[in-house]
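So the chains spell out like this:
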Amino acid sequence: MYTGPENSYLKQPRGLKSWLLTLDHKRIGVMYLTAIMFFFLVGGLLAVLMRVELSSPARDVVSAELYNRLFTLHGAIMIFMFIIPSIPAAIGNFVLPLMIGAKDVAFPRLNLASWYIYVVGSLIAVASILQGGVDTGWTFYTPYSTSTNSAVITLTFGAFVLGFSSIFTGLNFIVTIHKMRAPGMTWFKMPLMVWGLYATAIIQVLATPVLGITLVLLIFERLFGIGIFDPAMGGDPVLYQHFFWFYSHPAVYIMILPGMAIISELIATFSHKRIFGYKAIAFSSLGIALVSFLVWGHHMFTSGQSELAAMIFSFLTFLVGIPSGIKIFNWVATMYRGSISLKTPMLYAIAFLLLFTIGGLTGIFLGTLAVDVHLHDTYFIVAHFHYVMMGGTVMALLGGIHYWWPKMWGKMYNETWGRITAVLVFVGFNVAFFTQFIMGSQGMPRRYYSYPDQFAFLHEVSSVGAYILGFGFLIMVIYLIHSLYRGKPAARNPWGALTMEWEAASPPTTHNFDKDMKLEHGPYDFDRVEVEDEEMVKA
């Protein structure tokens, strides 16, 4: 397998020990990427198994009890082990120091510690499977979670440990961005990817402790019978929902903000045009981070909260749509009259624009009180959530992986197969989840392993979409692994981008750059900087 020049970070230093004890942000990013893609595979297989069961109204392959455990594991693995760490810890770790011209993150040892905490937390959570799994759903709602015999303590303790990994990563990124930017890189000359990671890090540091404390209280209630959430012991189950969603709604933006950050890079690079409204996009990231702390109550419209509180949370939910809309508008305006190149990463960026817009718009529907009451706990919620998380974050992640793949490995993948797969993934996703909007609007409840015959056709269509999606991911795995062995060597700057990471070798050396970096042009100065042709990979 070709791994670039002899002094690349992939070759120096050598040996398994050098990887296990590495302080290099690039190696830690690659290890995170490997781990999260493994958990994406596990969570994806669980989803396919559920879709097989749902292909017909009757019981096919799993019992009702096992189905409950499957969707809980699917949700917990996808949320806590895949999507939350996916872009910040994997992509962010690799590209952040490179994008600001630094040699590493501010605290390399803390970075390595966050990786091992992630591994330990994941192993603890996965151990719950050996104890029979959990049947509460990934939200662990009380009072059921305090009374069920499933392995709630193990899974919640794993999520508690994983929270420390997220906090360490966020803290590291904040200090790195403040203190280690190259000379000349002022705040408004940073790439928008860095702004997105910065806003994400703020949420990680401020919101994650709330979830950690909530899960510890839940564990204490189960172990010691302390009445906090269980009404039978004098507790309040609605208090649990407040605590849980105070973290978990901002967590949605921990997942989507770095995805938006990637999209800013992809659209500017593949439109070969200065990004439209740089400051508006940067401030909208901070605006989303701020408002995200104020909208948790929209998950609880049916919990019995007061009408006034529901109205305020409904208004704030509409408010959070404004900064998201600003981003969409500016990305489209950037593409307008741009020299658009439909490479694989750009196809994922366009898919993001279409799918996230649907996800965001249906979020506005759900922020409307009367509509939410009708659609609560139906498949409409499932479809909305997946359009935001998978149609948004995962599409951005796939775009980012394809964009920085040549920088990570020094090899190019097959562009034709990349484009075919992007189309397959887009089609499969829409077939799988758009039908769920229809089912939900007709009253099909979520989390049921059997259903009335009237929903059979739509469930069957949704399952076919899941199979197409899975087939697309299989092709992607094949051509990406093939590229590591047979792919063409990547040039230093194969896409003609202007951000600083493309001035490093592909793959970079251990210390990233061969010289002390100094900002010489803005990250999107396509109107005044011409990238040399010889740096482009010939088709």
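Criteria and cut-off values
- Residues numbered from 1 in each chain as written.
- Predicted model: local features only at pLDDT ≥ 70, side-chain atom pairs only at ≥ 80, totals over all residues.
- Heavy atoms only, no water.
- Helix = DSSP H or I, 4+ residues; strand = E, 2+ residues; numbered from the N terminus.
- Expected span 1.5 Å × (residues − 1).
- Contact = heavy atoms within 4.5 Å.
- Bend = angle between axes of the 7 residues up to and from the residue.
- Polar contact = N/O pair within 3.5 Å; in protein donor to acceptor, adjacent residues only side chain to side chain.
- Phe/Tyr/Trp six-rings, centres within 6.5 Å; stacked < 30°, edge-to-face > 60°.
- Buried < 20%, exposed > 50% of the residue type's maximum accessible area, 1.4 Å probe, protein only.
- Axes fitted to C-alpha atoms, helices over the stretch in contact; angles between N-to-C directions.
- Left-handed = near helix turned anticlockwise from the far one by under 90°.
- Nonpolar A, V, L, I, M, F, W, Y, C, P; charged D, E, K, R; others polar.
- pLDDT = per-residue confidence, 0-100.
- Salt bridge = Lys/Arg side-chain N within 4 Å of Asp/Glu carboxyl O.
- 1 Å grid on protein atoms, 1.4 Å probe; cavity = no way out; pocket = protein on both sides within 12 Å on 5 of 7 lines; lining within 4 Å.
- Points joined across faces, edges and corners; volume = space filled by probe spheres on them.
- Core = buried A, V, L, I, M, F, W, Y, C linked by side-chain atoms within 4.5 Å.
- Parallel < 35°, antiparallel > 145°, perpendicular 65-115°, else oblique.
- Patch = residues over 30% accessible without salt bridge, like charges linked within 9 Å, V, L, I, M, F, W, Y side chains within 5 Å.
- Areas by Shrake-Rupley, 256 points an atom, 1.4 Å probe, with all protein chains shown as cover.

1. Description of helix H9 (residues 278-291)
- Between its first and last C-alpha atoms H9 spans 20 Å; for 14 residues at 1.5 Å apiece the expected length is 20 Å, and the two agree.
- The secondary structure elements touched by the buried residues of H9 are helix H7 (192-224), helix H8 (237-271) and helix H10 (307-335).

2. Observations regarding helix H14 (residues 415-441)
- With 27 residues, H14 should reach 39 Å at 1.5 Å per residue; the first-to-last C-alpha distance of 39 Å fits that figure.
- A bend of about 25° at Val431 is the largest found in H14.
- Its side-chain oxygen at 3.0 Å from the backbone nitrogen of Thr416, Asn414 defines the N-terminal cap of H14.
- Immediately downstream of H14, the backbone of Gly443 shows phi near 100°, a positive value.

3. Things to note about the packing of aromatic side chains
- If you walk through the whole model with that rule in mind, you get 46 aromatic pairs.
- Between Trp187 and Tyr198 the ring centres are 5.3 Å apart and the planes differ by 65°, which places this aromatic pair in the edge-to-face class. Of this pair, Trp187 sits in the loop between helix H6 (152-179) and H7 while Tyr198 sits in helix H7; the two residues are 11 residues apart in sequence, bridging distant segments of the chain.
- Overall, Tyr198 belongs to the buried group, its relative accessible area being 12%.
- Ring centres 6.1 Å apart and planes at 70° place the aromatic pair Phe276 and Phe329 in the edge-to-face group. Within this pair, whereas Phe276 is found in the loop between H8 and H9, its partner Phe329 is found in helix H10, the two being separated by 53 residues in sequence.
- Take Phe276: its relative accessible area is 41%, and that puts it in the partly exposed class.

4. Here's the deal with the packing of helix H2 (residues 25-53) against helix H13 (residues 379-409)
- Closest axis-to-axis distance for the H2/H13 pair is 13 Å, and the angle between their directions is 145°. For the pair H2 and H13, the sense of crossing is left-handed. Where H2 approaches H13, its residues Val30, Leu33, Met37, Phe40 and Arg51 are matched on the opposing element by Tyr379, Met390, Val394, Ile401, Met408 and Trp409.
- Of the residues assigned to the contact of H2 with H13, the class counts are 10 nonpolar, no polar and one charged.

5. Some points on unusual backbone geometry
- Put simply, Gln12 and Pro13 share a cis peptide bond, and its omega is -10°.
- The amide bond that connects Thr142 to the next residue, Pro143, takes the cis arrangement and shows omega of 10°.
- One non-glycine residue, Asp377, lies in the positive phi region at around 60°.
- Inspection of the secondary structure puts Asp377 in the loop between helix H12 (369-375) and H13.
- Look at Arg447: it is not a glycine, yet its phi comes out positive at around 65°.

6. Quick look at the side chain of Asn430
- Along the chain, Asn430 turns up in helix H14.
- For Asn430, a relative accessible area of 19% corresponds to the buried category.
- A distance of 2.9 Å separates a polar atom in the side chain of Asn430 from the backbone oxygen of Phe426.

7. A few points about the environment of Ala351
- Mapped onto the fold, Ala351 is located in helix H11 (residues 344-367).
- Beyond its immediate stretch of four places on either side in the chain, Ala351 contacts Gly391, Met395 and Phe426.

8. What to know about the confidence of the model for the chain
- Here the chain averages 92 in pLDDT, and 98% of its residues register 70 or above.
- Model confidence for the chain, summarised as mean pLDDT per element, is weakest for helix H5 (residues 144-147) at 89 and strongest for H14 at 97.
- Confidence drops under pLDDT 50 across residues 533-539; counting only partners more than four residues distant or on other chains, this segment forms 12 contacts.

9. Thoughts on the pattern of salt bridges
- All told, the structure shown has six salt bridges when counted by the stated rule.
- Measuring nitrogen to oxygen at the nearest pair gives 3.0 Å for the salt bridge that ties Asp24 to Lys26. A single burial state applies to Asp24 and to Lys26, both of which are buried.
- Between Arg419 and Glu415 there is a salt bridge, with the nearest N and O atoms lying 3.4 Å from each other. Placement of both Arg419 and Glu415 in helix H14 is noted, with a separation of four residues, approximately one turn of the helix.
- Several salt bridges share partner residues, and in doing so they unite Arg274, Asp525, Asp527 and Arg528 into one network.

10. Description of empty space enclosed by the protein
- Tallied over the full model, the rule gives three cavities of 30 Å³ or more.
- Its boundaries defined by the atoms lining it, the largest cavity holds a volume of some 160 Å³.
- Listing elements by their share of the lining of the largest cavity, those giving two or more residues are helix H3 (64-99), H6 and H7.
- If you tally residues by element for the lining of the largest cavity, the top one is H6, at six residues.
- Residues that form the lining of the largest cavity fall into these classes: 11 nonpolar, six polar and no charged.
- Volume-wise, the second largest cavity comes out at about 60 Å³.
- In terms of lining, the second largest cavity is formed by 13 residues, of which the most central are Leu498, Thr499, Met500, Leu519 and His521.
- Looking at side-chain class alone, the lining of the second largest cavity contains seven nonpolar, three polar and three charged residues.

11. What about the environment of Gly75?
- Mapped onto the elements of the fold, Gly75 is located in helix H3.
- Sequence separation between Gly75 and Leu46 is 29 residues; the distance between their C-alpha atoms is 9.6 Å.

12. A closer look at the nonpolar core
- Judged by nonpolar contacts, the single largest core of 175 residues is most densely connected at Phe80, Ile91, Met193 and Trp331.
- With 22 residues, H3 is the single largest residue contributor to this core.

13. A short note on the packing of H2 against helix H15 (residues 456-486)
- At a minimum axis separation of 9 Å, H2 and H15 run at an interaxial angle of 150°. Our classification of the angle between H2 and H15 gives roughly antiparallel. Crossing angle aside, the handedness with which H2 passes H15 is left-handed. Taken together, the residues of H15 that come into contact with H2 (itself represented by Phe40, Val48, Arg51 and Val52) are His459, Ser462, Ser463, Ala466, Tyr467 and Phe473.

14. Re a nonpolar patch on the surface
- A cluster of nonpolar side chains, contributed by Leu49, Val52, Val61, Val464 and Tyr467, occupies part of the molecular surface with about 360 Å² of accessible area.
- Those elements that provide at least two residues to the nonpolar patch are H2 and H15.
- You can see Val464 is positioned in helix H15.

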